[in-house]
Amino acid sequence: MASTCPNCGRRLRWYDVKAECKDCGVSIPNFNWEERLEEDAVKAEERSLAFHRTMNMFKYSIWGTKLRIVRIIVSFLPAIGFILPWFAIKSDAESIGIDMLGIFTDGKSLIDLFGAFFGNMDLFFTNMGYEGYAGVVSYSVLSVLFMLLCALFIVIAFFMILFTNKHPKSKLMVIFDALSIACCIVSGVLFTVGIKSAGAETAVNFGNIPLYNVSGNIMWGYFVALALLCCALVFNALVMKAPAKSHEELEEERLKKKAEKEEKERLKAIEREKAEAEAEKKAAEEQERIVAEAKAKLEARKDKEKNKKK
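In this text the structure is predicted, and so the values were computed from the model without any measurement.

K.L.:
I'm lost on the overall build of the protein in this one. Help?
P.N.:
Counting its secondary structure elements, the protein contains nine helices and five strands. Along its sequence from the N terminus, the protein presents helices and strands in the succession α-α-α-β-β-α-α-α-α-β-β-β-α-α. Over its C-alpha atoms the protein spans a radius of gyration of 39 Å, topping by over 25% the 19 Å that the globule rule assigns to 310 residues. The dimensions of the protein, computed from C-alpha atoms along their principal axes, are 135 × 90 × 40 Å. Buried residues in the protein amount to 30% of all 310 residues. For the protein, the share of sequence-separated contacts (at least 6 apart) that also reach a separation of at least 24 residues comes to 63%. As presented, the protein carries roughly 19,900 Å² of accessible surface, and 61% of it is formed by carbon and sulfur atoms. Across the protein, 43 positive and 40 negative side-chain charges occur, with their mean positions spaced 7 Å apart.

K.L.:
What should I look at first to understand the pairing of strand β1 (residues 87–90) in this one?
P.N.:
Strand residues, when the strand is regular, have side chains that alternate between the two faces of the sheet. Bridging between β1 and strand β2 (residues 96–98) involves three bridges; their strand directions are antiparallel. Its bridge partner lying in β2, Ile89 is registered against Ile96. The hairpin turn running from β1 into β2, its antiparallel successor, is five residues long. Bridge analysis of β1 against strand β5 (residues 215–218) gives four bridges, and the strand direction is antiparallel. Opposite Ile89, over in β5, you have Gly216 as the bridge partner.

K.L.:
It is not clear to me how a negative patch on the surface should be interpreted in this structure. Could you clarify?
P.N.:
Side chains of Glu34, Glu35, Glu38, Glu39 and Asp40 sit close together on the surface and give a patch of like negative charge. The class for Glu35 is partly exposed, based on a relative accessible area of 40%.

K.L.:
Explanation requested: the state of the cysteines in the structure shown.
P.N.:
A full pass over the atoms with the stated rule returns zero disulfides. Here Cys183 is not disulfide-linked; the sulfur of Cys150 is the nearest cysteine sulfur, at 6.3 Å.

K.L.:
Please clarify how the environment of Leu190 should be interpreted in this entry.
P.N.:
Among the structural elements, Leu190 can be located in helix α7 (residues 172–197). Between the C-alpha atom of Leu190 and that of Val141, which follows or precedes it by 49 residues, the distance is 9.1 Å. For Leu190, the contacting residues outside a window of four places in its chain are Tyr139, Leu142, Ser143 and Phe146.

K.L.:
Explanation requested: the nonpolar core in the structure shown.
P.N.:
The nonpolar side chains of a soluble globular protein tend to be buried with one another. Trp86 and Phe206 are the most contacted members of the largest nonpolar core, which has 44 residues in total. It is helix α6 (residues 136–163) that provides the largest number of residues to this core, a total of 11 residues. The residues contacting Trp86, other than those within four sequence positions of it, are Gly81, Ile98, Met147, Cys150, Cys184, Ser187, Ile218, Met219, Gly221, Tyr222 and Ala225.

Conventions we followed
- Residues numbered from 1 in each chain as written.
- Predicted model: local features only at pLDDT ≥ 70, side-chain atom pairs only at ≥ 80, totals over all residues.
- Heavy atoms only, no water.
- Helix = DSSP H or I, 4+ residues; strand = E, 2+ residues; numbered from the N terminus.
- Rg over C-alpha atoms; globule rule 2.2 N^0.38 Å.
- Buried < 20%, exposed > 50% of the residue type's maximum accessible area, 1.4 Å probe, protein only.
- Contact = heavy atoms within 4.5 Å.
- Areas by Shrake-Rupley, 256 points an atom, 1.4 Å probe, with all protein chains shown as cover.
- Lys, Arg positive; Asp, Glu negative; His and termini not counted.
- Charge placed at Lys NZ, Arg CZ, Asp CG, Glu CD.
- Pairing = 2+ DSSP bridges.
- Patch = residues over 30% accessible without salt bridge, like charges linked within 9 Å, V, L, I, M, F, W, Y side chains within 5 Å.
- Salt bridge = Lys/Arg side-chain N within 4 Å of Asp/Glu carboxyl O.
- Disulfide = S-S within 2.5 Å.
- Core = buried A, V, L, I, M, F, W, Y, C linked by side-chain atoms within 4.5 Å.

Set out below in structure tokens:
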């Protein structure tokens, strides 16, 4: 209920539950209802226009052009790169493959390494302290950390395509793609430095995973992942540089398509009415033919009976 009477301006209290104003007697809910109905219609039209503007730009930003369709596909592909093997740590005791599923390398997988780390983080930091935070354990842990940051940034870059749909030329995707590539490169450099820091007969523990006489190398999956990240960056940059349609152009296209659809439906309705009229005409003609044949047979029967009586 309104806080004041729209007619006389009397202040309404919480206990004024009647529809009529106590001072002027006007019906508050029905006062000036025609004008309020017009205002509601205008507001509904504005909300509808805002909704269509949002949906137009959302669809256009994601799959509005062939380039944008390729972009959304290429931006998803880097996820495959994190399933592939990035690094391999080998030793005479255990081996660790830095790949998510552990199907491309021998020994322990990245999941096993996570289990060891979160199962006893103090042991990891103790071993890192023994090597002065500059040995194979320290650099390998940092390498995995930057690998995870790389994954985080590429996921953010992908979802930025959806969240920045109102700005089809946004630079955020390119920025997060660049950060992801930078983290990938840093991860590879840290791993290489860590492996080179392991001397002959080096013995370390990755939590509960013992390593002796450590060696390692960057795997092929790392380069595939880096290539996919670069492809995502290139296509996001191409989309950012490409011309983009305005809200007005998209709304004009939507209305044009709507008009074309309505015209097709109108023509179909006309054709359907014609077909129904033709069917009714044929049915009427068929009925007339049947009636005429029945009358003719009846007349013939009457004539035959008359001839028999004669």
